[in-house]
Amino acid sequence: LLGKTTVQIQEGGILGLLDDTDTIWRLLGTDERLGPVALDYKERRLLVSASTIFDESGEAIGSAALLRDISAEYRLLNELERLSTTDALTDVFNRRHLDNQLRKELERSRETGVPLSLIMFDADHFKNFNDTYGHDQGDRVLKTMGAQMKLAIRKYDIPCRYGGEEFMIILPGGYGGLGFMNLLASTVGERGLTVAERLRTDVASMKVDGLSVTISLGIATYPVVAAKAPEDMILAADAALYKSKEGGRNMTSVYTPEVAPKG
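Residues numbered from 1 in each chain as written. Predicted model: local features only at pLDDT ≥ 70, side-chain atom pairs only at ≥ 80, totals over all residues. Heavy atoms only, no water.

1. Concerning the nonpolar core
Put simply, the rule reads: For this analysis, a nonpolar core means a set of buried residues of the types Ala, Val, Leu, Ile, Met, Phe, Trp, Tyr and Cys, connected via side-chain atoms within 4.5 Å. Here's how the labels work: a residue is buried when its accessible area is under 20% of the maximum for its type, exposed when over 50%, partly exposed in between, all with a 1.4 Å probe on protein chains only. For the purposes of this entry, the term helix denotes a DSSP run of H or I that reaches at least four residues, the term strand denotes a run of E that reaches at least two, and both are numbered from the N terminus. A contact between two residues is defined here by any heavy atoms of the two lying within 4.5 Å.
In terms of nonpolar packing, the biggest core is built from 26 residues, with Ile119, Phe121, Met145, Ile169 and Leu199 touching the most fellow members. If you list the elements that add at least two residues to this core, you get β4 (116–123), α5 (126–133), α6 (135–152), β6 (166–172), α7 (181–205) and β7 (215–222). Element by element, the count of residues in this core is highest for α6, at five residues. Here isoleucine 169 is in contact with Ser117, Leu118, Ile119, Phe121, Met149, Ile153, Asp157, Ile158, Pro159 and Leu199, once residues within four sequence places are set aside.

Here's what the structure looks like:
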């Protein structure tokens, strides 16, 4: 289990069992006992318990440790979590994850003053595309769009499928000084525009089975959008997207207070 010889284990003692003295000390502590802890050791995920053995007078006379390999269970849990938050077709996050993360990021932005951008986009004339080429071909286009989303963003941005041919990207801020709210909002909004335009041009230049498709995008940034709830951000991004549709499609629009949400 540990990849050690008996001699190595004996010589290292219980504190050297996992090459992590601090964790073993905490498990052996008498003031605040910990339950079993899960940790990575080499290529395994282990569940570790340890305790001090006392004699009848309360004097410590030894220690005991119990280790269980839970690597398979851990991989299964990770896969179940991935499946529960991932859209099966496009392999980006699903609507459930979008709702949860947008709520969390907006709450964080409202508390800290750190800006937050949301990009919303969909495929232009996608119903006509499906009617002409079939839903299987349409699914292949959506799958390719999902892959392009991942290439256009940073590792901590959150690409999601909103539904049908509609997608969203959550772009958290928080990488500058917290005091300069408007400046940061401008910076995050500009980064959102850069990401959106890169994605738009990448999609326009891609071919799926020899076919082309374009997208229209809308960007909303807090605090430019005085959002009190995630729905406010979605409505603002949708209003900007609608502006792109009215402007001729295959373009990006940014929400401003003058762009009132439709409906």
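Now that the structure has been shown, the text picks up again.
2. Section: the confidence of the model for the chain
Note the cut-off: A score from 0 to 100, pLDDT tells how confident the predictor is in each residue.
For the chain, the average pLDDT comes to 88, and 90% of its residues sit at 70 or higher. This model gives residues 174–185 a pLDDT under 50, and the stretch forms 19 contacts once residues within four places in sequence are excluded.

3. Let's talk about the pairing of strand β5 (residues 158–163)
Formally: Strands are labelled as partners when DSSP assigns at least two bridges between them.
The element β5 is extensively covered by neighbouring structure, given that five of its six residues are classed as buried. Connecting β5 to the antiparallel partner β6 that follows it, the hairpin turn spans two residues, and glycine 164 within it adopts a positive phi of roughly 55°.

4. Some points on the environment of glutamate 73
Considering the arrangement of structural elements, one finds glutamate 73 in helix α3 (residues 71–85). Measuring from C-alpha to C-alpha, the distance between glutamate 73 and arginine 45 comes to 9.1 Å, with 28 residues separating the pair along the chain.

5. Things to note about the pattern of salt bridges
Put simply, the rule is: Salt-bridge detection follows one rule: a side-chain nitrogen of Lys or Arg within 4 Å of a carboxyl oxygen of Asp or Glu.
Tallied over the entire structure, the rule returns 16 salt bridges. Here arginine 95 and aspartate 99 are joined by a salt bridge, their closest N and O atoms 3.1 Å apart. Of this pair, arginine 95 and aspartate 99 both sit in helix α4 (residues 95–112), four residues apart, which is roughly one turn of that helix. Beyond isolated ion pairs, a larger network of salt bridges with shared partners links Glu79, Arg82, Asp91 and Lys150.

6. Some words on the packing of α5 against α6
Filter applied, for reference: For helices, the axis comes from a line fit to the C-alpha atoms of the stretch in contact; other axes are also lines fit to C-alpha atoms, and the angle between any two N-to-C directions lies between 0 and 180 degrees. Working rule for angles: under 35 degrees goes down as roughly parallel, over 145 as roughly antiparallel, 65 to 115 as roughly perpendicular, anything else as oblique. Residues are grouped as follows: Ala, Val, Leu, Ile, Met, Phe, Trp, Tyr, Cys and Pro are nonpolar; Asp, Glu, Lys and Arg are charged; every other residue, Gly included, is polar.
For the pair α5 and α6, the least separation of the axes is 7 Å and the interaxial angle reads 130°. Our classification of the angle between α5 and α6 gives oblique. For the pair formed by α5 and α6, the contact residues are Phe126, Phe129, Asn130 and Tyr133 on the first element and His135, Gln137, Gly138, Val141 and Leu142 on the second. Residues of the contact of α5 with α6, tallied by class, amount to five nonpolar, four polar and no charged.

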